[in-house]
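Residue-level listing of the chains:
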Amino acid sequence: MNKYQYLKKYFGYSSFREGQESVIDSILSEKDTVAIMPTGAGKSLCFQIPALMFPGITLVVSPLISLMKDQVSALLQNGIAAAYINSSLTEFQLGQTLSRFSQGKYKIVYVAPERLVLSSFRRICSQLNISFVCVDEAHCVSQWGKDFRPEYLKIKDFIASLKQRPVLAAVTATATERVRDDIVNLIGLEKPEITVLSFDRKNLFFACREPKNKEDELLKLLNGFSGKSGIVYCSSRKKVDELYFSLSQKGYNVARYHAGMNKDERKKNQELFSNDEKEIIIATNAFGMGIDKSNVSFVIHFNMPGDMESYYQEAGRAGRDGNEASCILLFNKGDVRIQQYFIDNPEESSDLSAKEKELLRENRIEKLCDMIVYAHTKGCLRKYILSYFGEEMKEDCGFCSSCVEKKLEENKKVRSVPAEPESFDSELFDLLKKLRKQISEKKKVPAFVVFTDATLKLMATKKPLTEDEFLAISGVGQRKCQQYAAIFIKEIKKHIKNNG
Ligand code: ADP
Ligand code: MG
(Lines give C-alpha, C1' and ligand atoms only; values in the text may rest on other atoms or scores of the structure.)
(Ligands and ions follow the chains in the order given, each with its own letter.)
Protein backbone atom coordinates (compact mmCIF):
# COMPACT_ATOMS: atom_id res chain seq x y z
CA MET A 1 0.00 0.00 0.00
CA ASN A 2 1.18 3.54 -0.70
CA LYS A 3 0.59 6.64 1.39
CA TYR A 4 -2.58 7.57 -0.50
CA GLN A 5 -4.04 4.18 0.20
CA TYR A 6 -3.16 4.50 3.89
CA LEU A 7 -4.78 7.92 3.93
CA LYS A 8 -8.00 6.56 2.49
CA LYS A 9 -8.05 3.28 4.31
CA TYR A 10 -7.28 4.47 7.83
CA PHE A 11 -8.40 8.08 7.85
CA GLY A 12 -11.01 8.13 5.12
CA TYR A 13 -9.54 11.15 3.30
CA SER A 14 -8.96 11.26 -0.40
CA SER A 15 -6.29 13.95 -0.60
CA PHE A 16 -3.54 15.45 1.48
CA ARG A 17 -3.63 18.98 2.71
CA GLU A 18 -0.96 21.54 1.99
CA GLY A 19 2.37 20.55 3.49
CA GLN A 20 1.39 17.07 4.61
CA GLU A 21 2.89 15.20 1.69
CA SER A 22 6.30 16.80 1.87
CA VAL A 23 6.52 16.04 5.59
CA ILE A 24 5.42 12.45 5.09
CA ASP A 25 7.83 11.94 2.17
CA SER A 26 10.71 13.31 4.19
CA ILE A 27 10.01 10.99 7.12
CA LEU A 28 9.49 7.99 4.87
CA SER A 29 12.84 8.61 3.23
CA GLU A 30 14.25 8.29 6.76
CA LYS A 31 15.37 11.89 7.11
CA ASP A 32 15.00 13.74 10.37
CA THR A 33 12.13 16.15 9.87
CA VAL A 34 10.69 19.29 11.35
CA ALA A 35 7.13 20.39 10.52
CA ILE A 36 6.01 23.84 11.55
CA MET A 37 2.38 24.14 10.59
CA PRO A 38 -0.44 26.17 12.09
CA THR A 39 -2.99 24.62 14.40
CA GLY A 40 -5.55 22.64 12.49
CA ALA A 41 -3.29 22.09 9.50
CA GLY A 42 -3.26 18.36 10.18
CA LYS A 43 0.10 17.60 11.73
CA SER A 44 -0.98 14.33 13.35
CA LEU A 45 -1.46 12.62 9.99
CA CYS A 46 2.05 13.68 9.02
CA PHE A 47 3.55 11.34 11.56
CA GLN A 48 0.76 8.78 11.85
CA ILE A 49 0.92 7.68 8.23
CA PRO A 50 4.70 7.06 8.29
CA ALA A 51 4.17 5.31 11.63
CA LEU A 52 1.82 2.88 9.90
CA MET A 53 4.19 2.38 7.01
CA PHE A 54 7.42 1.82 8.94
CA PRO A 55 8.19 -1.78 9.88
CA GLY A 56 8.73 -1.10 13.58
CA ILE A 57 7.02 0.76 16.39
CA THR A 58 6.51 4.51 16.58
CA LEU A 59 6.69 6.53 19.79
CA VAL A 60 4.97 9.88 19.94
CA VAL A 61 6.09 12.20 22.73
CA SER A 62 3.20 14.39 23.75
CA PRO A 63 2.92 16.88 26.62
CA LEU A 64 -0.77 16.67 27.45
CA ILE A 65 -2.69 13.76 28.90
CA SER A 66 -5.99 14.87 27.38
CA LEU A 67 -4.43 15.26 23.97
CA MET A 68 -2.92 11.77 24.08
CA LYS A 69 -6.19 10.24 25.09
CA ASP A 70 -8.11 11.91 22.26
CA GLN A 71 -5.56 10.99 19.64
CA VAL A 72 -5.31 7.40 20.75
CA SER A 73 -9.09 6.99 20.81
CA ALA A 74 -9.22 8.38 17.30
CA LEU A 75 -6.55 5.92 16.14
CA LEU A 76 -8.33 2.99 17.78
CA GLN A 77 -11.55 4.07 16.07
CA ASN A 78 -9.68 3.89 12.79
CA GLY A 79 -8.52 0.35 13.48
CA ILE A 80 -4.94 1.19 14.40
CA ALA A 81 -3.19 -0.58 17.29
CA ALA A 82 -2.38 2.34 19.53
CA ALA A 83 -1.94 3.07 23.23
CA TYR A 84 -0.77 5.77 25.59
CA ILE A 85 1.48 5.58 28.60
CA ASN A 86 1.15 8.34 31.17
CA SER A 87 0.29 9.03 34.79
CA SER A 88 -3.45 8.85 34.17
CA LEU A 89 -3.34 5.05 33.93
CA THR A 90 -4.07 2.94 37.00
CA GLU A 91 -1.31 0.61 38.11
CA PHE A 92 -3.15 -2.29 36.55
CA GLN A 93 -3.70 -0.53 33.23
CA LEU A 94 -0.08 0.54 33.17
CA GLY A 95 1.15 -3.01 33.76
CA GLN A 96 -1.09 -4.34 31.03
CA THR A 97 -0.13 -1.64 28.55
CA LEU A 98 3.60 -2.05 29.19
CA SER A 99 3.31 -5.77 28.82
CA ARG A 100 1.58 -5.50 25.44
CA PHE A 101 4.01 -2.79 24.45
CA SER A 102 6.99 -5.01 25.20
CA GLN A 103 5.42 -7.77 23.11
CA GLY A 104 5.29 -5.39 20.17
CA LYS A 105 1.51 -5.39 20.02
CA TYR A 106 1.16 -1.68 19.40
CA LYS A 107 2.04 0.17 16.23
CA ILE A 108 1.84 3.67 17.71
CA VAL A 109 2.44 4.51 21.36
CA TYR A 110 1.98 7.97 22.87
CA VAL A 111 4.21 8.67 25.86
CA ALA A 112 4.55 11.51 28.33
CA PRO A 113 8.09 12.90 28.39
CA GLU A 114 8.49 12.02 32.10
CA ARG A 115 8.30 8.38 31.13
CA LEU A 116 11.44 8.59 29.01
CA VAL A 117 13.75 8.95 32.01
CA LEU A 118 12.51 5.84 33.84
CA SER A 119 14.99 3.00 33.58
CA SER A 120 12.20 0.41 33.49
CA PHE A 121 10.72 2.08 30.43
CA ARG A 122 14.11 2.46 28.80
CA ARG A 123 14.84 -1.20 29.37
CA ILE A 124 11.70 -2.22 27.49
CA CYS A 125 12.42 0.20 24.66
CA SER A 126 15.97 -0.96 24.24
CA GLN A 127 14.62 -4.44 23.39
CA LEU A 128 12.16 -3.21 20.80
CA ASN A 129 12.38 -2.30 17.16
CA ILE A 130 11.53 1.37 17.32
CA SER A 131 11.54 2.80 13.80
CA PHE A 132 10.43 6.30 14.46
CA VAL A 133 10.10 8.81 17.29
CA CYS A 134 7.98 11.90 16.79
CA VAL A 135 7.93 14.80 19.20
CA ASP A 136 4.55 16.54 19.13
CA GLU A 137 4.27 20.14 20.39
CA ALA A 138 8.03 20.29 19.99
CA HIS A 139 8.23 23.95 21.04
CA CYS A 140 7.94 22.67 24.62
CA VAL A 141 11.66 21.84 24.47
CA SER A 142 12.59 25.51 24.32
CA GLN A 143 12.72 28.03 27.08
CA TRP A 144 11.91 30.58 24.42
CA GLY A 145 8.65 28.83 23.68
CA LYS A 146 5.51 29.61 25.58
CA ASP A 147 5.13 26.36 27.50
CA PHE A 148 8.57 25.08 28.29
CA ARG A 149 8.66 21.52 29.64
CA PRO A 150 12.04 20.64 31.16
CA GLU A 151 11.25 16.92 30.69
CA TYR A 152 11.48 17.48 26.94
CA LEU A 153 15.22 17.99 27.43
CA LYS A 154 15.52 14.28 28.27
CA ILE A 155 14.37 13.17 24.85
CA LYS A 156 17.84 13.40 23.33
CA ASP A 157 19.29 11.19 26.02
CA PHE A 158 16.47 8.70 25.61
CA ILE A 159 17.09 8.41 21.87
CA ALA A 160 20.74 7.68 22.57
CA SER A 161 19.70 4.80 24.84
CA LEU A 162 17.93 2.92 22.04
CA LYS A 163 19.66 0.04 20.31
CA GLN A 164 19.36 1.72 16.94
CA ARG A 165 18.77 5.34 16.12
CA PRO A 166 15.20 5.81 14.90
CA VAL A 167 14.06 8.42 12.42
CA LEU A 168 13.24 11.59 14.36
CA ALA A 169 10.58 14.17 13.69
CA ALA A 170 9.41 17.23 15.58
CA VAL A 171 6.14 19.01 14.92
CA THR A 172 4.72 22.21 16.33
CA ALA A 173 2.37 25.06 15.51
CA THR A 174 4.45 27.84 16.95
CA ALA A 175 8.13 28.27 16.49
CA THR A 176 10.01 31.52 16.30
CA GLU A 177 13.56 31.47 14.97
CA ARG A 178 15.07 30.81 18.39
CA VAL A 179 12.60 28.05 19.19
CA ARG A 180 13.32 26.41 15.84
CA ASP A 181 17.03 26.31 16.63
CA ASP A 182 16.32 24.85 20.06
CA ILE A 183 14.11 22.14 18.58
CA VAL A 184 16.87 21.02 16.24
CA ASN A 185 19.68 21.20 18.79
CA LEU A 186 18.00 20.08 22.00
CA ILE A 187 16.13 17.12 20.51
CA GLY A 188 19.22 16.22 18.51
CA LEU A 189 17.88 16.24 14.96
CA GLU A 190 20.47 15.53 12.29
CA LYS A 191 20.37 17.63 9.12
CA PRO A 192 16.62 17.86 9.35
CA GLU A 193 14.37 18.65 6.46
CA ILE A 194 12.23 21.53 7.63
CA THR A 195 8.74 22.23 6.30
CA VAL A 196 7.28 25.57 7.33
CA LEU A 197 3.75 26.37 6.29
CA SER A 198 2.77 30.02 6.20
CA PHE A 199 1.01 31.16 9.35
CA ASP A 200 -1.04 33.66 7.44
CA ARG A 201 -4.74 33.07 7.85
CA LYS A 202 -6.10 35.25 5.09
CA ASN A 203 -9.74 34.94 6.06
CA LEU A 204 -9.18 36.37 9.55
CA PHE A 205 -9.80 40.05 10.20
CA PHE A 206 -7.63 41.30 13.08
CA ALA A 207 -8.51 44.28 15.22
CA CYS A 208 -7.25 45.92 18.41
CA ARG A 209 -9.33 48.30 20.47
CA GLU A 210 -8.83 50.19 23.70
CA PRO A 211 -12.40 51.08 24.69
CA LYS A 212 -13.32 53.23 27.69
CA ASN A 213 -15.76 50.56 28.82
CA LYS A 214 -15.05 47.01 27.74
CA GLU A 215 -18.48 45.65 28.66
CA ASP A 216 -20.21 48.23 26.47
CA GLU A 217 -17.82 47.53 23.65
CA LEU A 218 -18.42 43.79 23.98
CA LEU A 219 -22.18 44.26 23.78
CA LYS A 220 -21.79 46.37 20.66
CA LEU A 221 -19.61 43.72 19.08
CA LEU A 222 -21.91 40.85 20.03
CA ASN A 223 -24.90 42.66 18.58
CA GLY A 224 -22.98 43.05 15.36
CA PHE A 225 -22.25 39.32 15.33
CA SER A 226 -25.79 38.32 16.20
CA GLY A 227 -26.67 34.81 15.01
CA LYS A 228 -23.02 33.85 14.65
CA SER A 229 -20.90 31.52 16.70
CA GLY A 230 -18.00 32.90 18.72
CA ILE A 231 -15.64 32.67 21.67
CA VAL A 232 -15.00 35.38 24.26
CA TYR A 233 -11.75 34.79 26.13
CA CYS A 234 -11.11 36.28 29.58
CA SER A 235 -8.00 36.06 31.74
CA SER A 236 -9.76 34.92 34.92
CA ARG A 237 -12.50 32.52 35.99
CA LYS A 238 -14.14 35.34 37.90
CA LYS A 239 -14.47 37.48 34.79
CA VAL A 240 -15.85 34.50 32.85
CA ASP A 241 -18.55 34.03 35.49
CA GLU A 242 -19.34 37.75 35.62
CA LEU A 243 -19.77 38.08 31.87
CA TYR A 244 -21.62 34.80 31.67
CA PHE A 245 -24.23 35.94 34.18
CA SER A 246 -24.63 39.42 32.81
CA LEU A 247 -24.95 38.23 29.22
CA SER A 248 -27.37 35.44 30.13
CA GLN A 249 -29.49 37.97 31.94
CA LYS A 250 -29.55 40.17 28.87
CA GLY A 251 -30.84 37.22 26.87
CA TYR A 252 -27.72 36.17 24.99
CA ASN A 253 -27.39 32.50 24.16
CA VAL A 254 -24.14 31.86 26.07
CA ALA A 255 -22.23 29.05 27.72
CA ARG A 256 -19.12 29.26 29.86
CA TYR A 257 -15.95 27.22 30.34
CA HIS A 258 -13.12 27.36 32.85
CA ALA A 259 -11.03 25.02 34.96
CA GLY A 260 -12.96 25.88 38.13
CA MET A 261 -16.03 24.07 36.85
CA ASN A 262 -16.45 20.33 37.20
CA LYS A 263 -15.55 18.05 34.35
CA ASP A 264 -19.07 17.06 33.35
CA GLU A 265 -20.24 20.63 33.24
CA ARG A 266 -17.26 21.62 31.12
CA LYS A 267 -17.86 18.77 28.75
CA LYS A 268 -21.55 19.57 28.46
CA ASN A 269 -20.90 23.24 27.76
CA GLN A 270 -18.27 22.44 25.17
CA GLU A 271 -20.75 20.17 23.42
CA LEU A 272 -23.55 22.74 23.53
CA PHE A 273 -21.22 25.17 21.84
CA SER A 274 -19.91 22.63 19.33
CA ASN A 275 -23.43 21.64 18.35
CA ASP A 276 -24.47 25.27 17.86
CA GLU A 277 -27.01 25.03 20.67
CA LYS A 278 -25.15 27.86 22.39
CA GLU A 279 -23.97 30.69 20.15
CA ILE A 280 -21.29 32.14 22.35
CA ILE A 281 -18.91 30.62 24.83
CA ILE A 282 -17.20 32.72 27.49
CA ALA A 283 -14.00 31.00 28.54
CA THR A 284 -10.54 31.15 30.00
CA ASN A 285 -7.62 29.82 28.00
CA ALA A 286 -8.46 26.37 29.43
CA PHE A 287 -10.92 26.21 26.55
CA GLY A 288 -9.64 25.28 23.15
CA MET A 289 -7.04 22.54 23.28
CA GLY A 290 -8.44 20.01 20.88
CA ILE A 291 -11.68 21.80 20.00
CA ASP A 292 -12.48 21.22 16.41
CA LYS A 293 -15.41 23.53 15.64
CA SER A 294 -15.04 24.92 12.17
CA ASN A 295 -17.73 27.64 12.03
CA VAL A 296 -16.44 29.97 14.76
CA SER A 297 -17.05 33.44 13.27
CA PHE A 298 -15.38 35.55 15.91
CA VAL A 299 -12.92 35.34 18.76
CA ILE A 300 -13.00 38.32 21.09
CA HIS A 301 -10.31 38.67 23.72
CA PHE A 302 -11.90 40.54 26.58
CA ASN A 303 -8.44 40.57 28.17
CA MET A 304 -5.04 40.68 26.56
CA PRO A 305 -3.12 37.38 26.75
CA GLY A 306 0.47 37.23 27.99
CA ASP A 307 2.16 36.52 24.68
CA MET A 308 1.63 36.51 20.93
CA GLU A 309 1.80 32.72 20.71
CA SER A 310 -1.22 32.37 22.98
CA TYR A 311 -3.04 35.18 21.25
CA TYR A 312 -2.57 33.81 17.76
CA GLN A 313 -3.42 30.29 18.81
CA GLU A 314 -6.64 31.36 20.52
CA ALA A 315 -7.64 33.87 17.84
CA GLY A 316 -6.86 31.20 15.25
CA ARG A 317 -9.80 29.13 16.43
CA ALA A 318 -11.95 31.45 14.33
CA GLY A 319 -12.63 30.78 10.67
CA ARG A 320 -11.41 27.20 10.39
CA ASP A 321 -14.04 26.68 7.69
CA GLY A 322 -12.31 29.26 5.52
CA ASN A 323 -15.09 31.84 5.84
CA GLU A 324 -14.31 35.38 6.89
CA ALA A 325 -14.04 35.66 10.65
CA SER A 326 -12.99 38.35 13.12
CA CYS A 327 -10.35 38.33 15.85
CA ILE A 328 -10.75 41.31 18.13
CA LEU A 329 -8.53 42.23 21.04
CA LEU A 330 -9.97 44.52 23.71
CA PHE A 331 -7.26 45.79 26.01
CA ASN A 332 -6.46 48.37 28.62
CA LYS A 333 -3.77 49.06 31.17
CA GLY A 334 -5.40 46.70 33.65
CA ASP A 335 -4.53 43.80 31.34
CA VAL A 336 -0.85 44.57 31.61
CA ARG A 337 -1.13 44.48 35.41
CA ILE A 338 -2.92 41.10 35.27
CA GLN A 339 -0.22 39.57 33.10
CA GLN A 340 2.50 41.10 35.23
CA TYR A 341 0.85 39.41 38.20
CA PHE A 342 0.89 36.02 36.42
CA ILE A 343 4.59 36.45 35.73
CA ASP A 344 5.37 37.43 39.30
CA ASN A 345 3.33 34.52 40.70
CA PRO A 346 4.14 31.53 38.50
CA GLU A 347 2.68 28.09 39.06
CA GLU A 348 5.07 26.06 41.17
CA SER A 349 4.81 22.85 39.23
CA SER A 350 8.11 22.08 37.62
CA ASP A 351 11.52 21.40 39.06
CA LEU A 352 13.37 24.43 37.78
CA SER A 353 16.50 25.85 39.36
CA ALA A 354 16.47 29.43 40.61
CA LYS A 355 18.53 30.46 37.63
CA GLU A 356 16.19 28.77 35.18
CA LYS A 357 13.23 30.42 36.87
CA GLU A 358 14.80 33.83 36.51
CA LEU A 359 15.53 33.19 32.84
CA LEU A 360 11.97 32.05 32.30
CA ARG A 361 10.69 35.18 34.01
CA GLU A 362 12.77 37.39 31.76
CA ASN A 363 11.49 35.55 28.69
CA ARG A 364 7.93 36.02 29.77
CA ILE A 365 8.43 39.73 30.33
CA GLU A 366 9.95 40.05 26.88
CA LYS A 367 6.99 38.20 25.38
CA LEU A 368 4.54 40.35 27.27
CA CYS A 369 6.22 43.43 25.82
CA ASP A 370 5.78 42.04 22.30
CA MET A 371 2.12 41.48 23.07
CA ILE A 372 1.67 45.03 24.37
CA VAL A 373 3.30 46.40 21.25
CA TYR A 374 0.81 44.43 19.16
CA ALA A 375 -2.11 45.90 21.08
CA HIS A 376 -0.82 49.40 20.37
CA THR A 377 0.53 49.00 16.89
CA LYS A 378 -0.67 51.57 14.37
CA GLY A 379 0.78 49.57 11.49
CA CYS A 380 -0.64 46.51 9.75
CA LEU A 381 -1.54 43.97 12.44
CA ARG A 382 -1.10 40.97 10.18
CA LYS A 383 2.37 42.13 9.24
CA TYR A 384 3.25 42.40 12.92
CA ILE A 385 1.94 38.93 13.72
CA LEU A 386 3.70 37.25 10.82
CA SER A 387 6.97 39.01 11.43
CA TYR A 388 6.78 37.88 15.04
CA PHE A 389 6.67 34.31 13.76
CA GLY A 390 9.52 34.96 11.35
CA GLU A 391 7.58 35.60 8.14
CA GLU A 392 8.07 38.72 6.10
CA MET A 393 5.16 40.45 4.40
CA LYS A 394 5.91 43.00 1.69
CA GLU A 395 2.63 44.90 1.53
CA ASP A 396 0.14 45.85 4.21
CA CYS A 397 -2.74 43.36 4.33
CA GLY A 398 -5.64 45.81 3.86
CA PHE A 399 -7.74 43.53 6.06
CA CYS A 400 -7.07 44.49 9.68
CA SER A 401 -8.26 47.37 11.84
CA SER A 402 -5.09 49.41 11.24
CA CYS A 403 -5.27 49.05 7.47
CA VAL A 404 -8.97 49.80 7.38
CA GLU A 405 -8.52 52.86 9.58
CA LYS A 406 -5.73 54.12 7.39
CA LYS A 407 -7.96 53.81 4.35
CA LEU A 408 -10.80 55.67 6.07
CA GLU A 409 -8.38 58.40 7.13
CA GLU A 410 -7.22 58.85 3.54
CA ASN A 411 -10.79 58.97 2.27
CA LYS A 412 -11.64 61.54 4.89
CA LYS A 413 -8.75 63.73 3.76
CA VAL A 414 -9.95 63.60 0.17
CA ARG A 415 -13.48 64.45 1.22
CA SER A 416 -12.44 67.27 3.55
CA VAL A 417 -10.75 69.26 0.78
CA PRO A 418 -14.02 70.56 -0.83
CA ALA A 419 -15.87 70.63 2.43
CA GLU A 420 -13.99 72.77 4.93
CA PRO A 421 -17.28 74.40 5.98
CA GLU A 422 -15.77 76.69 8.58
CA SER A 423 -13.80 78.75 6.10
CA PHE A 424 -16.48 79.05 3.43
CA ASP A 425 -17.36 82.72 2.95
CA SER A 426 -20.92 83.02 1.68
CA GLU A 427 -20.72 86.78 1.24
CA LEU A 428 -17.73 86.37 -1.03
CA PHE A 429 -19.56 83.61 -2.84
CA ASP A 430 -22.42 86.02 -3.64
CA LEU A 431 -19.97 88.63 -4.86
CA LEU A 432 -18.24 86.11 -7.10
CA LYS A 433 -21.59 84.99 -8.49
CA LYS A 434 -22.39 88.60 -9.37
CA LEU A 435 -19.05 88.91 -11.10
CA ARG A 436 -19.71 85.71 -13.01
CA LYS A 437 -23.09 87.02 -14.09
CA GLN A 438 -21.54 90.19 -15.50
CA ILE A 439 -19.00 88.15 -17.42
CA SER A 440 -21.56 85.70 -18.79
CA GLU A 441 -23.84 88.50 -19.91
CA LYS A 442 -20.99 90.31 -21.59
CA LYS A 443 -19.78 87.11 -23.32
CA LYS A 444 -23.28 85.88 -24.01
CA VAL A 445 -22.63 82.45 -22.53
CA PRO A 446 -24.41 80.61 -19.71
CA ALA A 447 -23.00 81.30 -16.23
CA PHE A 448 -21.79 77.75 -15.59
CA VAL A 449 -19.61 77.94 -18.71
CA VAL A 450 -17.60 80.63 -16.98
CA PHE A 451 -17.32 78.79 -13.66
CA THR A 452 -19.56 76.27 -11.96
CA ASP A 453 -21.02 76.93 -8.53
CA ALA A 454 -18.69 74.32 -7.07
CA THR A 455 -15.68 76.20 -8.41
CA LEU A 456 -16.95 79.51 -7.07
CA LYS A 457 -17.52 77.89 -3.69
CA LEU A 458 -13.94 76.73 -3.66
CA MET A 459 -12.80 80.24 -4.48
CA ALA A 460 -14.96 81.59 -1.67
CA THR A 461 -13.30 79.08 0.62
CA LYS A 462 -9.66 79.06 -0.44
CA LYS A 463 -9.57 82.75 -1.33
CA PRO A 464 -6.75 82.54 -3.86
CA LEU A 465 -4.57 85.66 -4.01
CA THR A 466 -2.03 84.66 -6.64
CA GLU A 467 -2.29 83.18 -10.10
CA ASP A 468 -0.83 79.90 -8.86
CA GLU A 469 -3.37 79.64 -6.08
CA PHE A 470 -6.13 80.46 -8.54
CA LEU A 471 -4.93 77.77 -10.90
CA ALA A 472 -4.93 75.27 -8.04
CA ILE A 473 -8.71 75.62 -7.66
CA SER A 474 -10.58 72.68 -9.05
CA GLY A 475 -12.40 73.84 -12.23
CA VAL A 476 -9.80 76.44 -13.18
CA GLY A 477 -7.77 75.40 -16.19
CA GLN A 478 -4.88 77.19 -17.83
CA ARG A 479 -7.09 79.07 -20.26
CA LYS A 480 -9.60 80.24 -17.67
CA CYS A 481 -6.77 81.25 -15.42
CA GLN A 482 -5.38 83.52 -18.13
CA GLN A 483 -8.76 85.00 -18.79
CA TYR A 484 -10.13 85.43 -15.29
CA ALA A 485 -7.42 85.21 -12.62
CA ALA A 486 -6.78 88.93 -12.47
CA ILE A 487 -10.40 90.00 -12.25
CA PHE A 488 -11.44 87.37 -9.69
CA ILE A 489 -8.36 87.90 -7.50
CA LYS A 490 -9.08 91.63 -7.58
CA GLU A 491 -12.63 90.95 -6.34
CA ILE A 492 -11.37 88.64 -3.56
CA LYS A 493 -8.74 91.14 -2.41
CA LYS A 494 -11.33 93.92 -2.34
CA HIS A 495 -13.63 91.77 -0.22
CA ILE A 496 -10.87 90.86 2.23
CA LYS A 497 -9.89 94.50 2.55
CA ASN A 498 -13.49 95.58 3.19
CA ASN A 499 -13.87 92.94 5.90
CA GLY A 500 -10.55 93.55 7.63
P1 ADP B 1 -2.87 19.99 14.12
O2 ADP B 1 -2.21 18.98 14.99
O3 ADP B 1 -1.99 20.47 13.00
O4 ADP B 1 -3.45 21.14 14.88
P5 ADP B 1 -4.70 17.85 13.58
O6 ADP B 1 -3.70 16.85 13.21
O7 ADP B 1 -5.32 17.73 14.93
O8 ADP B 1 -4.13 19.31 13.40
O9 ADP B 1 -5.82 17.86 12.45
C10 ADP B 1 -6.88 18.76 12.46
C11 ADP B 1 -8.09 18.18 11.74
O12 ADP B 1 -7.85 18.09 10.35
C13 ADP B 1 -8.45 16.79 12.21
O14 ADP B 1 -9.84 16.74 12.39
C15 ADP B 1 -8.01 15.91 11.05
O16 ADP B 1 -8.78 14.73 10.97
C17 ADP B 1 -8.23 16.80 9.87
N18 ADP B 1 -7.38 16.43 8.71
C19 ADP B 1 -6.05 16.23 8.74
N20 ADP B 1 -5.58 15.91 7.52
C21 ADP B 1 -6.64 15.95 6.68
C22 ADP B 1 -6.81 15.71 5.27
N23 ADP B 1 -5.78 15.39 4.48
N24 ADP B 1 -8.06 15.83 4.77
C25 ADP B 1 -9.09 16.16 5.56
N26 ADP B 1 -9.00 16.39 6.89
C27 ADP B 1 -7.80 16.27 7.46
MG1 MG C 1 -1.64 18.59 16.94
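Each chain carries its own residue numbering, running from 1 in the direction its sequence is written. A letter from A marks each chain and a number from 1 marks each ligand, given out in the order of writing. Two thresholds apply to this predicted model, a pLDDT of at least 70 for residue-level local features and 80 or more for giving and counting side-chain atom pairs, whereas whole-chain, interface and lining totals are computed over all residues. Where side-chain values are given, they derive from all heavy atoms of the structure, hydrogens and water being excluded.

Description of helix α17 (residues 426-443)
Okay, so step 1: Strands here are runs of E lasting at least two residues and helices are runs of H or I lasting at least four, both read from the DSSP assignment and numbered beginning at the N terminus. Here the expected span of a helix is defined as 1.5 Å times the quantity of residues minus one. The end-to-end C-alpha distance of α17, which contains 18 residues, comes to 25 Å, matching closely the 26 Å that a straight helix rising 1.5 Å per residue would cover.
Okay, so step 2: Burial in α17 covers these residues: L428, F429, L432, L435, R436, I439 and S440. Seen along its axis, α17 keeps its buried residues to an arc of 135°; they face one direction. Turned more than 90 degrees from where α17 packs its buried face, K434, K437, Q438, E441 and K442 sit exposed.
Okay, so step 3: Check the buried side of α17 and you find it contacts α18 (447-450), α19 (453-462) and α21 (478-498).
Okay, so step 4: N or O atoms within 3.5 Å of each other form a polar contact, as long as, within protein, one can give a hydrogen and the other can take it, and as long as residues adjacent in sequence are counted only when both atoms are side-chain atoms. The N-capping residue of α17, defined by a side-chain oxygen 3.2 Å from the backbone nitrogen of E427, is D425. Type-normalised accessible area, obtained with a 1.4 Å probe on protein chains alone, sets the label of each residue: buried when under 20%, exposed when over 50%, and partly exposed for intermediate values. The directions from the helix axis to the C-beta atoms form the arc being described. The contact rule is simple, with two residues in contact once any of their heavy atoms fall within 4.5 Å.

Describing the packing of aromatic side chains
Okay, so step 1: Each pair of aromatic rings taken from Phe, Tyr and Trp, with Trp reduced to its six-membered ring, is defined by centres within 6.5 Å and is described as stacked if the planes are under 30 degrees apart, edge-to-face if over 60, and tilted in the remaining cases. If you walk through the whole model with that rule in mind, you get 23 aromatic pairs.
Okay, so step 2: Aromatic side chains Y311 and Y374 sit 5.5 Å apart centroid to centroid with 40° between the ring planes, which places their arrangement in the tilted category. With Y311 in helix α12 (residues 308-315) and Y374 in helix α14 (residues 354-376), the pair connects residues that are 63 residues apart, well separated along the chain. The two residues Y311 and Y374 agree in class, both being buried.
Okay, so step 3: An aromatic cluster of at least three residues, connected via ring pairs, comprises F199, F206, Y312, Y388 and F389.
Okay, so step 4: For a ring to carry a charge above it, either NZ of a lysine or CZ of an arginine must fall within 6 Å of the ring centroid while also lying within 35 degrees of the normal to the ring plane. The aromatic ring of W144 is capped on one face by R178, whose charged end is 3.9 Å from the ring centroid.
Okay, so step 5: The ring of F302 is capped by K214, whose NZ or CZ atom sits 5.5 Å from the centre of that ring.

A few points about the site of ligand 1
Okay, so step 1: Only a single heavy atom is needed: when it lies within 4 Å of a molecule or strand, its residue is near that molecule or strand. Among the 14 residues in the neighbourhood of ligand 1, the closest are listed as Y13, Q20, G40, K43 and S44.
Okay, so step 2: For ligand 1, an oxygen atom lies 2.5 Å from a polar atom in the side chain of Y13.
Okay, so step 3: Reported accessibility uses the Shrake-Rupley method at a 1.4 Å probe radius. Residues are deemed covered only where the shown protein chains occlude them. For ligand 1, whose free accessible area comes to 570 Å², the fraction covered by protein is 73%.
Okay, so step 4: A per-element tally of the shell around ligand 1 places helix α3 (residues 43-53) first, with three residues.

A closer look at the nonpolar core
Okay, so step 1: Definition of nonpolar core: a set of buried residues of the types Ala, Val, Leu, Ile, Met, Phe, Trp, Tyr and Cys, connected through side-chain atoms within 4.5 Å. Membership of the largest hydrophobic core comes to 75 residues, with the highest contact counts inside it found for F101, F121, I183, I187, F206, L329 and Y374.
Okay, so step 2: At five residues, the largest contribution of residues to this core is made by helix α15 (residues 381-388).
Okay, so step 3: Where each domain starts and ends follows an automatic or database-derived domain assignment. Two domains each put at least three residues into this core: domain 1 (3-196) and domain 2 (204-410).
Okay, so step 4: For Y374, the contacting residues outside a window of four places in its chain are F206, C208, M308, Y311, L329, L381, Y384 and I385.
Okay, so step 5: Counting 35 residues, the second-largest nonpolar core is a separate cluster that includes A35, C46, I49 and A169.

A closer look at the sheet that holds strand β6 (residues 167-172)
Okay, so step 1: Strand pairing is assigned whenever DSSP detects at least two bridges linking the two strands. One open sheet holds the seven strands; their spatial order is β3-β4-β2-β5-β6-β1-β7, and the pairing between them is parallel. Every interior strand has two partners, whereas the edge strands, β3 (82-85) and β7 (193-196), have only one. Each strand axis lies, on average, 15° off the axis of its neighbour in the sheet, ignoring direction.
Okay, so step 2: As judged from the five bridges shared by strand β2 (residues 57-61) and strand β5 (residues 130-135), these two strands associate in the parallel manner. Each residue of the ladder has a partner; that of T58, found in β5, is F132.
Okay, so step 3: Axis definition: a line fit to C-alpha positions, over the contact stretch in the case of helices; interaxial angles, taken between N-to-C directions, run 0 to 180 degrees. Strands in contact with helix α5 (residues 91-102) are β2, β3 and β4 (108-111); relative to β3, the strand with the most contacts, it is inclined by about 125°.
Okay, so step 4: Lying on the sheet, helix α8 (residues 177-187) is in contact with β1 (33-36), β5, β6 and β7; it crosses β6 at an angle near 150°.

Quick look at the side chain of S310
Okay, so step 1: Among the secondary structure elements, S310 is positioned in helix α12.
Okay, so step 2: The residues touching S310, leaving out its near neighbours within four places in the chain, are K146 and P305.

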